[in-house]
2 protein chains.
Amino acid sequence: MYKNLRNHIESIVPLTDEEYTLVSSYFKIKFFKKHQFMVTEGELTSYNYYLVSGLTKLVYTDASAKQHILAFAMEDWWDTDYQAYFTQTKATLSLECLEDTQALCITLSDFHELCGALPKMERFFLEKVTRGFLASQRRILSLLTTSVQERYEQLIVQHPALLQRVPKTQIAAYLGVSREALSRLGPK
Amino acid sequence: MYKNLRNHIESIVPLTDEEYTLVSSYFKIKFFKKHQFMVTEGELTSYNYYLVSGLTKLVYTDASAKQHILAFAMEDWWDTDYQAYFTQTKATLSLECLEDTQALCITLSDFHELCGALPKMERFFLEKVTRGFLASQRRILSLLTTSVQERYEQLIVQHPALLQRVPKTQIAAYLGVSREALSRLGPK
DNA sequence: ATGAAATCGTGACCGATGTCACAGGCTGTA
DNA sequence: TACAGCCTGTGACATCGGTCACGATTTCAT
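Residues numbered from 1 in each chain as written. Chains lettered and ligands numbered in written order. Predicted model: local features only at pLDDT ≥ 70, side-chain atom pairs only at ≥ 80, totals over all residues. Heavy atoms only, no water.

Chain A is annotated in an unreviewed UniProt entry as Crp/Fnr family transcriptional regulator from Pedobacter psychroterrae.

Structure follows, in C-alpha cells:
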C-alpha cells in the first residue's frame with residue numbers, strides 16, 4: 001500500500017519490496033478535514049508529513065494578526081514546521097488544511113532510525129532537502145528581484161491549478177502583498 | 001592540516017584520524033584575491049567551496065544590470081551556485097570575493113564519491129543542507145513580514161562585523177532596497 | 001602626489017502599495 | 001427563505017521606496 005510514497009521515493013532511489021516494507025513501517029496514515037491544523041503555532045511538532053492528497057498552507061501569523069504564507073503543499077509534497085520539527089521546539093508556524101487531506105507522517109526519532117537502518121533513505125532525504133533548499137533560494141531571489149505582478153504571472157504559469165483551489169487573499173499572502181494590491185493588477 | 005574543516009565537520013559527526021585523512025583527500029585548496037570570481041555567471045560551476053578565510057558575496061545580476069545579493073559568506077561557510085553545481089548547468093549567479101579568500105573545494109563527483117565512501121559524510125551534509133534550508137525559510141519569512149528597517153536592525157545585531165567589512169551599497173542589495181533608501185533610515 | 005573611482009548622504013519627484021471603507025455576489029446553514 | 005460569513009473589486013488617501021541628480025569625502029592605483 002501507499003503506492004504514492006513508494007513511487008515518490010523510487011523516483012530518486014530504487015527500493016526492493018523488503019526495503020519498502022521497512023520504510024512504510026515507520027509511517028502512520030492520518031486524515032484531516034478542511035480547516036484542521038496539522039501543526040499548530042505554539043505547540044510541539046511531532047511529525048513530518050508526506051501528503052498523499054489534499055492541499056495545505058504553511059502560515060506565519062505576525063503580531064498584528066496578519067497571515068503570511070510560506071508555502072502551499074499538495075500531493076507528493078513534504079511539509080511541516082521544519083524548524084520546530086528538527087529542533088523539537090514549539091512551532092512558530094501553523095500548517096492548516098485548505099481541503100480534506102491525507103498524509104503519511106513520521107516522528108523525528110523514527111526519521112533518524114530509518115536513516116540509520118537504511119542508508120538509502122539518508123540519500124533520498126539529502127536529495128529532497130537539497131531540492132527544497134534550492135527552491136527556497138529561488139523564492140528569495142524572486143522576492144528580491146521581481147515585482148508583484150511578475151511573481152503573480154509566474155505563479156499562474158507554474159501552478160495554474162492553485163488559483164482554482166485557493167482564494168486570492170491567500171495568494172496575496174503568499175506573494176507578499178495585500179489582497180487589494182493583487183486585485184488591482186488582475187483586470188489589466 | 002585544514003584544522004578548520006575538521007573542527008567544522010566534527011561539530012556534527014566525530015571522525016577518526018584515518019577518516020579525516022580520507023575526507024581531506026577529496027578537497028583542494030584555492031586562493032582568490034579581492035574582486036576575483038569563484039563562480040562566474042554563464043559558466044559551469046565545478047566546485048562547492050568551504051571558506052577557510054575571507055569574505056564573499058553570492059550575487060544575481062538582473063536584466064538592468066542591478067545586483068541582488070543572495071548571501072554573504074565568510075569563514076566556516078559553504079558557498080557556491082548550488083543550482084548550477086548540483087545540476088551541472090551554467091551558473092545564473094556569481095560568487096565574488098569581497099576580500100582575499102582561501103577556500104577548500106570539492107567537485108560534484110568527488111562529493112558523491114565521498115558520501116559513498118563514508119556514510120558519515122552523508123549525514124553531515126544532510127545536516128548542513130537542512131540548516132541552510134531552514135536559514136532560507138527564515139529569510140523568506142523576514143522578507144515577507146518585516147520592514148527594511150527591521151531587517152537592517154536584525155542584520156546589525158546578528159552580523160555586526162559585516163557592516164565594518166562591506167559597503168552600504170552591498171548591504172542594501174542584500175536587504176532588497178536601494179542604497180538611498182537604506183541611507184535615509186540610518187540617522188533615524 | 002595626483003587624478004579616477006568608489007562611497008555616502010541628501011533633496012526632489014513620482015509611482016507603487018498599504019490601509020480603510022464600502023458594496024455586490026456567492027455559499028452554507030438554520 | 002433569510003441570514004451570516006466569505007470573497008472580490010474599487011475608490012480615497014497617506015506613506016514608503018525607486019529613480020535621478022548633486023556634492024563631499026574617502027579610497028585606490030598609477
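**A closer look at the sheet that holds strand β1 (residues 28–32) of chain B**
Residue and element names in this part refer to chain B. Rules: Strand pairing is defined by DSSP finding a minimum of two bridges between the two strands. Here a helix means four or more residues in a row that DSSP labels H or I, a strand means two or more in a row labelled E, and each is numbered from the N terminus. Should any heavy atoms of two residues lie within 4.5 Å, those residues are considered in contact. Between the N-to-C directions of two axes lies an angle of 0 to 180 degrees, each axis being a line fitted to C-alpha atoms and, for a helix, fitted only over the stretch in contact.
Strand order across the open sheet formed by four strands is β1-β8-β3-β6, with antiparallel pairing between neighbours. Each end of this open sheet is capped by a strand with a single partner; those strands are β1 and β6 (78–79). Its contacts with the sheet place helix α1 (residues 3–10) against β3 (47–53), β6 and β8 (101–107), and it is angled at close to 105° to β3.

**Let's talk about the pairing of β8(B)**
All names here are of chain B. Threshold: Here's how the labels work: a residue is buried when its accessible area is under 20% of the maximum for its type, exposed when over 50%, partly exposed in between, all with a 1.4 Å probe on protein chains only.
With five of its seven residues buried, β8 lies for the most part within the structure. The pairing of β1 with β8 spans five bridges and is classified as antiparallel. Each residue of the ladder has a partner; that of phenylalanine 32, found in β8, is threonine 101. For β3 and β8, the ladder comprises six bridges, and the chain directions are antiparallel. Across the sheet, leucine 51 pairs through a bridge with alanine 103, a residue of β8.

**A look at the packing of aromatic side chains**
Spelled out, the test is: Ring pairs shown here join Phe, Tyr and Trp side chains whose ring centres sit within 6.5 Å, with only the six-membered ring taken for Trp; geometry is labelled stacked below 30 degrees between planes, edge-to-face above 60, and tilted in between. Consider the ring centre and the ring normal. A charge sits over the ring if Lys NZ or Arg CZ is within 6 Å of that centre and within 35 degrees of that normal.
Summed over all chains, the structure comprises 26 aromatic pairs over all chains. Taken together, Phe27(A), Tyr50(A), Trp78(A), Tyr82(A), Tyr85(A), Phe86(A), Phe111(A), Phe124(A), Phe125(A) and Phe133(B) form an aromatic cluster joined through their ring pairs. The aromatic ring of Tyr174(A) is capped on one face by Arg139(A), whose charged end is 4.0 Å from the ring centroid.

**Here's the deal with the UniProt feature "domain: Cyclic nucleotide-binding" (unreviewed entry) in chain A**
In plain terms, the rule: UniProt positions are given in the numbering used here, feature names are shortened, and annotations may be inferred rather than shown by experiment.
Per the UniProt record, "domain: Cyclic nucleotide-binding" (unreviewed entry) is found at residues 30–115 of chain A. Strand forms 48% of residues 30–115 of chain A and helix 16%; the C-alpha atoms that close the span are 22 Å apart.

**A word on the relation of the copies chain A and chain B**
Which entries qualify depends on this criterion: The least-squares superposition of copies is restricted to C-alpha atoms, and to residues with a pLDDT of at least 70 in both copies.
Relative to chain B, chain A is turned by 180° and slid 0.0 Å along the rotation axis, the superposed coordinates differing by an RMSD of 0.0 Å. Viewed as a symmetry operation, the transformation between the two copies matches a two-fold axis. Comparing contact sets, 100% of the residues at the interface of chain A also lie at the interface in chain B, consistent with an isologous, same-surface contact.

**A word on the pattern of salt bridges**
Residues and elements named next belong to chain A. Rule in force here: Salt bridge, as used here: a side-chain nitrogen of Lys or Arg that lies within 4 Å of a carboxyl oxygen of Asp or Glu.
Summed over all chains, the structure comprises 14 salt bridges over all chains. A salt bridge links glutamate 10 to arginine 6; the nearest nitrogen and oxygen atoms lie 3.1 Å apart. With glutamate 10 and arginine 6 both in helix α1 (residues 3–10), this residue pair falls four residues apart, about one helical turn. Classification of glutamate 10 as partly exposed rests on a relative accessible area of 31%. Shared partners join several salt bridges into a network, and the residues in it are Arg6, Glu10 and Asp17.

**Side note on the protein's contact with DNA strand D**
Our working rule: Proximity criterion: a residue is near a molecule or strand once any of its heavy atoms comes within 4 Å of it. Any N or O atom pair separated by 3.5 Å or less is treated as a polar contact, with the protein-specific requirement of one donor-capable and one acceptor-capable atom, and with residues adjacent in sequence counted only for side-chain atom pairs. Residues are grouped as follows: Ala, Val, Leu, Ile, Met, Phe, Trp, Tyr, Cys and Pro are nonpolar; Asp, Glu, Lys and Arg are charged; every other residue, Gly included, is polar.
Surveying the vicinity of DNA strand D reveals 17 residues, the closest of which are Lys168(A), Arg179(A), Lys66(B), Ser178(B) and Ala181(B). Put simply, 46% of the atoms of DNA strand D that lie within 4 Å of the protein are in sugar or phosphate. With respect to DNA strand D, the backbone of Lys168(A) contributes an N or O atom lying 2.6 Å from a phosphate oxygen. Here Arg184(B) contributes a side-chain N or O atom positioned 3.2 Å from a base nitrogen of DNA strand D. For the surface near DNA strand D, the per-class residue count stands at five nonpolar, four polar and eight charged.

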